[in-house]
Amino acid sequence: MAKGLVIVESPAKAATLKRYLGKGIIVMASVGHIKNLPKSKLGVDIENGYTPKFITIKGKGKVIKDLKAAAKKVDTIYLAPDPDREGEAIAAHIATEIGKGKTVYRVLFNEITKKAVQEGIKNCGEINVNRVNAQMARRILDRLVGYKLSPLLWDKVRKGLSAGRVQSVALRLVVEREKEIRAFVPEEYWTIEGSVEGKNPPPFAVKVLHYKGEKLEIGNGERAEEVDNAIQSAVLVVDNVEKKERKRNPVAPFITSTLQQEASNRVRYNARRTMSIAQRLYEGLEVGEDGPVGLITYMRTDSTRVADEAVTQAREFIKREYGDKYLPEKPKVYKKKKAAQDAHEAIRPTSVERTPQSLKKYLSKEEMAIYELVWKRFVSSQMTQAQFDVTTVDIKAGDYNLRATGSIMKFDGFLKVFDERAEPHKDDSRGEAIKKLPPTIAQGDKIKLVELEKNQHFTQPPPRFTEAMLIKDLEEFGIGRPSTYAGIVSVIQERAYCESEDRRLVPTDLGIVVTELLIENFPDILNSEFTAQMERELDQVEEGEKDWVSALDDFYKPFSADLEKAKVHMRNVKTDAEKADEICENCGKEMVMKFGRFGKFLACEGYPECKTTRRIAKDGTIEPKMEPVPDEPTDFKCETCGKDMVIKTGKFGQYIACSDYPTCKTTRQIGIGIDCPELKCGGELVKKRTRRGKTFYGCNQYPKCEFATWQEPLKDKPCPDCHYTFLTKKVLKSGTFLKCVNKECGYQEEIHEEPEEEPASGSQSSAEG
């Protein structure tokens, strides 16, 4: 008989554990959850204390059968899914299926290394019932909102919509930010900057800051001209020179949210991609002779706490590699946030001896990017402060004060390894604005004005959220937890409530309408403090301080009351018809504004007799009526009826169709001359458009081949790094970039294009989607 059965949720983790546990131990994977609430019905008995009715997930019957067969061979079972609420729930469900008559232990691995695994097995315990209850309560909460609220949205807005307890609050943040932006009125202001010179060159930069001792605010060009003239005619004298030392501290090692934010800012990975990569690094990767080994600690955490052993190892490494001056007298300890659960360590490398350079040949480009961030952030967190000499020079010019500032790095300290402020994608001065001032400047010196420049500006609206910015706000408001951030920001995009434009989240018409309806009718659900309080109550359930049924009551009772009112009083967007200042070109009746699957549109009020519609663009403009475009001849023959094929122009662009349409409805798409990169596909890439009018490129063998990309593929432009068959062109506000579509590569370079003349009408072709 085998010594024991270890069950994890991931095949990758199972492969790593097999190496450490040796012969006699069976290691198997459940491949995630084995049970869930049913998809076809609520699955919660509300009247009977919210009793859930979990069922076996489709396809997991064989997994359970295999686990049961393995359990018969052992007396002891070790349940080792991830050390969080989801992992605890997986362990509990497995135990109910295969644990009868067996000794069952719960094992927690904060990292997947030989020592940690052996200690985990040695110090195993029981399933944490409170943690299981906390996960179950969250799952039931989300099910109640989804299954009770979604049908209401189907009735009042359109079929297929969904609402979520936490996602709706996150969407509200995005929508309210958009409304701030749209309501923003720019205000003009001016700044005056220039350069001056002391007794000795070189000149140095100054900025006009004060007038008669008060902060100077310049609201228009006339006032700017007045200030400029006054300074030009004044005698400039050094009023004060202040020199001081400034120290800058390293930052704490990563927690989930800060890793997601840094990965977004530095390598432009979204939250879901970052967590997927981090999961692989945690579960274990092949690194040469070491075999599969976990490279980082558990990546879903809100704690900056670090094990003493890891701190000691980091300090020894710093002393050896960088010297005593980079090692502080005492280890750095970082304060945890008030709401932090502190269940796990911060995210750190399992061994600082595995430097990014030493792993370069074993990790993919994206794995290296995340590992390097984790390694550098952790090592730098245990290093000394950086030190700067900062000089401020105030110059008197009549009633005006000009100021010059400069700083010189005396000692780089932790910046030798990592600077969280550094400009991403640039080899710059490590995030510090280093400006040297002439050392001979002294109080009372007369200064020569070299140049003065007036600059007009306008105040800017608050920026739209990036995923990283939204996660930061969710964390600050106490909405969601480390395990849910990535899912929250992904789901509001997947459900078409917002879109990502230049990596910024923009709410769709649908997202705005749904949010407005929920705010009007469910003020608690859309209230960030109420949602944060529910998160705190779930934490209390996990700590054994609150009963899970009581926590559900606190949410469901007010929600149920609001739901009944909303069924009667929520406005019906389907039937709302706002008059538009447009006349139907087909029947002469008025057009009305309605809301459909893809947002607002104009429709004839004579519907269904007249079915004329017009699209409304994102900026609110009404798209003009499309004039019919004559067919263009081609050399192709229809493979169905043998007649000529012609190029037609439809709603979503150009396509090839039989000239005998509508009798023969054979069509084909127009290729762009690039073979599909998928092996053995044999297809050609074609230009398509979504129903929303957004252009993308896909294989003409769809649905047999599902290759697609949003960026324009470039013919005869293979990737110089991985030799992928083509690069794509991506146009952003910040510039135009060539990018490799191979996710394992990540090659990108900026290009500079001369503006082209607009092509003649009809000269560009695109296939109908």
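Everything quoted here is computed from the prediction, not taken from an experiment.

(A) A look at the overall build of the protein chain. Within the protein chain one finds 17 helices and 35 strands. Reported as C-alpha extents along the three principal axes, the dimensions of the protein chain are approximately 90 × 80 × 60 Å. Across the 769 residues that make up the protein chain, the buried fraction comes to 48%. For the protein chain, the share of sequence-separated contacts (at least 6 apart) that also reach a separation of at least 24 residues comes to 64%. Total accessible area on the protein chain stands at roughly 40000 Å², and carbon and sulfur atoms take up 48% of it.

(B) Examining the pairing of strand β9 (residues 188-197) more closely. Counting buried positions along β9 gives 7 out of 10 residues, so the element sits mostly inside the fold. In this structure, β9 lies alongside strand β17 (residues 446-458), joined through 10 bridges in antiparallel fashion. In the sheet register, Gly194 faces β17, and the bridge partner there is Leu452. Inspection of the sheet shows β9 paired to strand β10 (residues 204-211) by 4 bridges, in the antiparallel sense. If you follow Val196 over to β10, its bridge partner there is Phe204. The turn linking β9 back onto β10 is made up of 6 residues.

(C) Helix α4 (residues 114-122), seen in detail. Among the residues of α4, those classed as buried are Ala116, Val117 and Gly120. The buried residues of α4 all sit within an arc of 100 degrees when viewed along its axis, so they share a single face. Taken together, the buried residues of α4 touch α1 (11-21).

(D) Looking closely at the side chain of Arg85. Topologically, Arg85 is positioned in helix α3 (residues 85-98). Here the side chain of Arg85 touches Glu542 through a polar contact of 2.5 Å, side chain to side chain.

(E) Structural detail: the pattern of salt bridges. Evaluated as defined, the whole model comprises 48 salt bridges. Where Arg320 meets Glu321, a salt bridge forms, and the shortest distance between an N and an O atom there is 3.3 Å. Close ionic contact of Lys546 with Glu537 constitutes a salt bridge, the shortest N to O distance being 3.8 Å. Overall, the relative accessible area of 7% leaves Glu537 in the buried class.

(F) Representation of the packing of helix α8 (residues 256-267) against helix α12 (residues 365-381). Contact pair α8 / α12: the axes reach a minimum separation of 11 Å and the direction vectors enclose 120 degrees. Judged by the angle between their axes, α8 and α12 are oblique. Remark: the crossing between α8 and α12 carries right-handed chirality. Contacts from Thr258, Leu259, Glu262, Ala263, Arg266 and Val267 of α8 reach α12 at Ala369, Ile370, Leu373, Val374 and Arg377.

(G) Molecular detail of the packing of aromatic side chains. Counted according to the given criterion, the structure contains 15 aromatic pairs. A centroid spacing of 5.5 Å and a plane angle of 25 degrees characterise the contact between Phe555 and Phe559, whose relative ring orientation is stacked. Here Phe555 pairs with Phe559, and both are found in helix α17 (residues 548-569), just 4 residues apart, close to one helical turn. These aromatic residues form a ring-pair network of at least three members: Tyr50, Phe522, Phe530, Phe555, Tyr556 and Phe559. Looking at Arg223, its charged tip hangs above the ring of Tyr211, at a distance of 5.2 Å from the centre. Above the plane of the ring of Phe388 lies Arg246, whose end atom (NZ or CZ) is 5.0 Å from the centre.

(H) Up close: the sheet that holds strand β33 (residues 727-732). What the 4 strands build is an open sheet, ordered β32-β33-β34-β35; its pairing is antiparallel. Only two strands of the sheet have a single partner each, and these edge strands are β32 (712-713) and β35 (748-751).

(I) Spotlight on the sheet that holds strand β22 (residues 599-604). In space, the 4 strands of this open sheet follow the order β20-β21-β22-β23, with antiparallel pairing throughout. Of all the strands in the sheet, the pair left with one neighbour each is β20 (578-583) and β23 (613-615). Strand after strand, the sheet turns through a mean of 40 degrees between neighbouring axes, direction not considered.

(J) Quick peek at empty space enclosed by the protein. Counted under the stated rule, the structure contains 1 cavity of 30 Å³ or more. Lining of the largest cavity is provided by Phe522, Asp524, Ile525, Phe530, Phe555, Pro558, Phe559 and Asp562. Per-element tally for the lining of the largest cavity: the top contributor is α17, with 4 residues.

(K) Main features of helix α2 (residues 61-71). When α2 is considered as a whole, its buried residues turn out to be Val63, Ile64, Leu67, Ala70 and Ala71. Along α2, the residues classed as buried sweep out an arc of 125 degrees about the axis, all on the same side. Opposite the buried face of α2, at more than 90 degrees from it, the exposed residues are Lys62 and Lys65. On its buried side, α2 packs onto β1 (4-8), β2 (25-29), β6 (55-56), β7 (76-79) and α3.

(L) Highlighting unusual backbone geometry. The residue after Pro201, namely Pro202, is reached through a cis peptide bond having omega 5 degrees. A cis geometry characterises the amide bond from Tyr661 onward to Pro662, with omega recorded as 10 degrees. Here the phi dihedral of Val31 falls at roughly 55 degrees; this positive angle occurs in a residue that is not glycine. Tracing the sequence through the fold places Val31 in the loop between β2 and β3 (35-36). Of note, the phi angle at Arg503 is positive, near 70 degrees, even though the residue is not glycine. You can see Arg503 is positioned in the loop between β18 (498-501) and β19 (504-507). Judged by relative accessible area, which is 30%, Arg503 ranks as partly exposed.

Conventions used here
- Residues numbered from 1 in each chain as written.
- Predicted model: local features only at pLDDT ≥ 70, side-chain atom pairs only at ≥ 80, totals over all residues.
- Heavy atoms only, no water.
- Helix = DSSP H or I, 4+ residues; strand = E, 2+ residues; numbered from the N terminus.
- Buried < 20%, exposed > 50% of the residue type's maximum accessible area, 1.4 Å probe, protein only.
- Contact = heavy atoms within 4.5 Å.
- Areas by Shrake-Rupley, 256 points an atom, 1.4 Å probe, with all protein chains shown as cover.
- Pairing = 2+ DSSP bridges.
- Arc of directions from axis to C-beta.
- Polar contact = N/O pair within 3.5 Å; in protein donor to acceptor, adjacent residues only side chain to side chain.
- Salt bridge = Lys/Arg side-chain N within 4 Å of Asp/Glu carboxyl O.
- Axes fitted to C-alpha atoms, helices over the stretch in contact; angles between N-to-C directions.
- Parallel < 35°, antiparallel > 145°, perpendicular 65-115°, else oblique.
- Left-handed = near helix turned anticlockwise from the far one by under 90°.
- Phe/Tyr/Trp six-rings, centres within 6.5 Å; stacked < 30°, edge-to-face > 60°.
- Lys NZ or Arg CZ within 6 Å of the ring centre and 35° of its normal.
- 1 Å grid on protein atoms, 1.4 Å probe; cavity = no way out; pocket = protein on both sides within 12 Å on 5 of 7 lines; lining within 4 Å.
- Points joined across faces, edges and corners; volume = space filled by probe spheres on them.

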